[in-house]
Each structure stands twice: as structure tokens, then as C-alpha cells.
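Here is what each chain is made of, one letter per residue.
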Amino acid sequence: MAGSAEQVSAGLLARIAQCRTAVLPGRRIPLLIGDAPVGYVGGELAADLAGYARAHPAGLSIPAPDAARLNAVATPLGPAHGFRTRGELFDVRSRIDGPVLATLDRGALPAFGVIGVGVHLNGYVGRADGPHLWIGRRSATKKLDPGKLDNLVGGGVSAGMGAFDTLAKEAAEEASIPADVIATARPVARIAYDMERPEGLRRDLLVCYDLELPPSFRPEAADGEVESFMLVPAREMVDIIAETDEVKFNVNLVLIDFLLRHGVLDDPGGRLRSALAAHPAAAGD
């Protein structure tokens, strides 16, 4: 490692802290469906929801019978509130393991402060000198973090889908991983964060998987979202994360978790593990 152990640890802790910048509710107003909290909205958006959502002791509430119209109400508000719909619905829940209360376009999630669930795959090859990670480079045409380094596979969990179903779909599309291979992926961690981003409030839950791949495997980009793949010694990723801004912001968290679990990264006192767990995710899928 290029820096001292203390410098590396400080750099990794800073990457984790960068994803935990939101103070809630702050100036935002809690948004509920009935009595169930589901998100946070700014004052201007709250005003534009008048007539649909009503004042509630805990914030602003959408009557449960009207929740099915959430996306139809939200869509025309995009231009005035800086979001663009993407034609992909996400489930809206109060708890990750709770019932679906509504659906909302992925592009509107940050404006409404609704939790988005995503899957991330650590694809790696075991070698005598330690694990080597398959790392993708995001396409330069991606709207979010173009050209950044990424996990082998990642993607949002669309409405009506589960985490593993999404993983299998994205694995085939993004890296041409066969169904029988992805079936051996293991769920290993859940990481949550609340983050202020240019697109708004990101409240994300990352469902992380590990997949050990044979040395002969070569990922192939199939959908144009990944520019290229490279196999990188996991130990080299420590310095890349700690000392550069090359990795997509939330992928830093997934990779730090992998490096800790696989013994690549020392963590005296458990500061990194504690930082990753500081905003624990709800259980369930």
C-alpha cells in the first residue's frame, strides 16, 4: 500500500463518510402514506403536492387509497423540481421488508426521498497472492458517474422484482454471466446510506453478493453500460479507493466491505466495520 496504514484508514473512512451526508429531516418534510413514513420532500415540492397529500402530525401524508396515483402525480412535477423520469418504476415501502404501498419512477426517488434498493456483485478470482476483483469501467455516456470504476455487476431493483432476480438479469445484460454461474452467487452484506447528491436525496440500500469465478472466465459487456472490464488485485483496490476518486461513490462502500471480509484490509479497533454499519439497513428483501 502506498500510504501508511493510518493514511489508508483515514482515506477509506472519508469515502464512507461521503455517502452519509444527509441530515434528516433537516429542512425536508417527512412524507407518509397513511401513517407509514416513506420519504422526505422539500418545501416547494410539498406545496405542489397540495390537494394530493395532507397535513399530518408527522409531516405530509398521502391517503392510503390515493397512493396508487403517486407516480401519476409525481411525473408532471419533474421539470419544476429538477428530476427526469426514466420509465422504470420502483416499489415504495415504509420498511424494506414491509408491504408495497405505491410505486414511483426511479428518476423521482431522490426528489421524494424514497429508498431505492440496488444489487452489487463482487466478482472475484482466488489466487495464491489473494483475491483479484473484476472491475468495470462505466460508459462515458452514463448520466451518473460516467467513466468511473464499478463493480462487475450492479443495478436497481425494479418494482415487483427481488434482489436475486435483479442480480441474475443484470449479470446477463452487463457482463454476459451465464445463469448457472450467477446461481452460485452468495448474499453477503446490506449497506444503507442517506446522501445529498446533485440529483437530490439518495436513500439507498445496497444488497451485496460475492461470486468466485474460474480463472478462465472473461466478462463481456452486453448492454453498452460498461466500457470495459479489468481484473485487479484486491490489494491494489485499497489504494485506488483511499487515494483517488476513480470509483463510483457507493461502490466504494461495497468494495471496502469485500476487502474487510476477505482479510485484504486490516481494521484495528474495527473503525471501518463500525462506520459501514453506522446506518444499519432493515432486514428483508
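Residues numbered from 1 in each chain as written. Predicted model: local features only at pLDDT ≥ 70, side-chain atom pairs only at ≥ 80, totals over all residues. Heavy atoms only, no water.

**Quick look at the overall build of the chain**
Inclusion rule: Think of it this way: any DSSP run of H or I at least four residues long counts as a helix, any run of E at least two long counts as a strand, and we number them from the N terminus. Every radius of gyration here is taken over C-alpha atoms, with the globule rule written as 2.2 Å times N^0.38, N being the number of residues. Throughout, a contact is declared for two residues whenever any of their heavy atoms are within 4.5 Å. Throughout, the Shrake-Rupley method with a 1.4 Å probe supplies accessible areas, and for residues the shown protein chains are the sole cover considered.
Each helix and strand in the chain was counted, giving 10 helices and 13 strands. Computed over C-alpha atoms, the radius of gyration of the chain comes to 20 Å, within 12% of the 19 Å expected from 2.2 N^0.38 for 285 residues, which places it in the range of a compact globule. Projecting the C-alpha coordinates of the chain onto the three principal axes gives extents of approximately 65 × 40 × 35 Å. For the chain, contacts bridging at least 24 residues in sequence account for 67% of all contacts bridging at least 6. Carbon together with sulfur atoms contributes 53% to the accessible area of the chain, which is approximately 12,800 Å² in total.

**A look at unusual backbone geometry**
Here Leu 24 and Pro 25 are connected by a cis peptide whose omega angle stands at 5°. Note on placement: Pro 25 falls in the loop between α1 (5–18) and β1 (29–33). Although it is not a glycine, Ser 176 sits at a positive phi angle of roughly 55°. Structurally, the position occupied by Ser 176 is in the loop between α6 (163–175) and α7 (179–182).

**Some thoughts on the environment of Ser 9**
As for its position among the elements, Ser 9 is in helix α1. Between the alpha carbons of Ser 9 and Gly 26 there is a distance of 30 Å; along the sequence they are 17 residues apart. The residues touching Ser 9, leaving out its near neighbours within four places in the chain, are Arg 271 and Leu 272.

**Some words on the sheet that holds β1**
Selection criterion: DSSP bridges decide pairing: two strands pair if at least two such bridges lie between them. Axis geometry follows a simple rule: fit a line to the C-alpha atoms, using only the stretch in contact for helices, then measure angles between N-to-C directions, giving values from 0 to 180 degrees.
Reading across from one edge, β2-β1-β4-β3 is the order of the four strands in this open sheet, with mixed pairing throughout. Among the strands making up the open sheet, the edge pair consists of β2 (36–41) and β3 (54–56). For this sheet, the mean inter-axis angle between neighbouring strands, taken without regard to orientation, is 40°.

**So, the side chain of Thr 166**
As a reminder of what qualifies: Each residue gets one of three labels from its accessible area relative to the maximum for its type: buried under 20%, exposed over 50%, partly exposed in between, using a 1.4 Å probe on protein chains only.
Along the polypeptide, Thr 166 turns up in helix α6. Judged by relative accessible area, which is 1%, Thr 166 ranks as buried.

**Regarding the environment of Asp 35**
What counts here: As used in this structure description, the phrase polar contact means that two N or O atoms lie within 3.5 Å; if the pair is within protein, one of them must be able to donate a hydrogen and the other to accept it, and residues adjacent in sequence are counted only when both atoms belong to side chains.
One can find Asp 35 in the loop between β1 and β2. Residue Asp 35 is classed as exposed on the basis of its relative accessible area of 65%. For the pair Asp 35 and Leu 121, spaced 86 residues apart in sequence, the C-alpha separation works out to 35 Å. There is a polar contact of 2.8 Å between the side chain of Asp 35 and the side chain of His 56.

**Here's the deal with helix α8 (residues 234–243)**
In terms of burial, α8 is a largely internal element, seven of the 10 residues being buried. Listing the buried residues of α8 in full gives Ala 234, Met 237, Val 238, Asp 239, Ile 240, Ile 241 and Ala 242.

**What to know about the packing of aromatic side chains**
Here is the rule we go by: Any two rings among Phe, Tyr and Trp, with Trp reduced to its six-membered ring, count as a pair given centres within 6.5 Å; such a pair is stacked if its planes are under 30 degrees apart, edge-to-face if over 60, and tilted if neither. A ring is considered to have a charge above it if a Lys NZ or an Arg CZ atom is located within 6 Å of its centre and within 35 degrees of its normal.
Enumeration over the complete set of coordinates arrives at four aromatic pairs. Measuring from ring centre to ring centre gives 6.3 Å for Tyr 193 and Phe 249, while their planes differ by 85°; the resulting arrangement is edge-to-face. With Tyr 193 in strand β11 (residues 186–197) and Phe 249 in the loop between α8 and α9 (251–261), this pair connects stretches of sequence that are 56 residues apart. Note on accessibility: Tyr 193 and Phe 249 belong to one class, buried. The ring of Phe 249 carries the charged tip of Arg 197 above its face, separated from the ring centre by 4.1 Å. If you follow Lys 248 out to its NZ or CZ, it ends over the ring of Phe 249, 5.0 Å from the centre.

**Details of the side chain of Asn 122**
Note that Asn 122 resides in strand β7 (residues 115–125). There is a polar contact of 3.3 Å between the side chain of Asn 122 and the side chain of Asn 151. Here Asp 210 takes part through its side chain, which lies 3.0 Å from a polar atom of the side chain of Asn 122. Beyond its immediate sequence surroundings of up to four residues, Asn 122 is in contact with Leu 133, Asn 151, Tyr 209, Asp 210, Leu 211, Val 254, Leu 255, Phe 258 and Arg 261.

**What to know about the packing of α1 against α9**
Quick reminder of the rule: Roughly parallel refers to an angle under 35 degrees, roughly antiparallel to one over 145, roughly perpendicular to one between 65 and 115, and oblique to any angle outside these ranges. By convention the crossing between two helices is left-handed if the near helix lies anticlockwise of the far one by an angle smaller than a right angle, and right-handed if it lies clockwise. Three categories are distinguished: nonpolar for Ala, Val, Leu, Ile, Met, Phe, Trp, Tyr, Cys and Pro, charged for Asp, Glu, Lys and Arg, and polar for the others, with Gly belonging to the last.
It is the contact of α1 with α9, at a shortest axis distance of 9 Å, that shows an interaxial angle of 135°. Overall, the two elements α1 and α9 adopt an arrangement that is oblique. The two elements α1 and α9 meet at a crossing, and its hand is left-handed. Facing Leu 12, Arg 15 and Ile 16 of α1, the residues of α9 in contact are Asn 252, Leu 253 and Ile 256. A per-class count over the contact of α1 with α9 returns four nonpolar, one polar and one charged.

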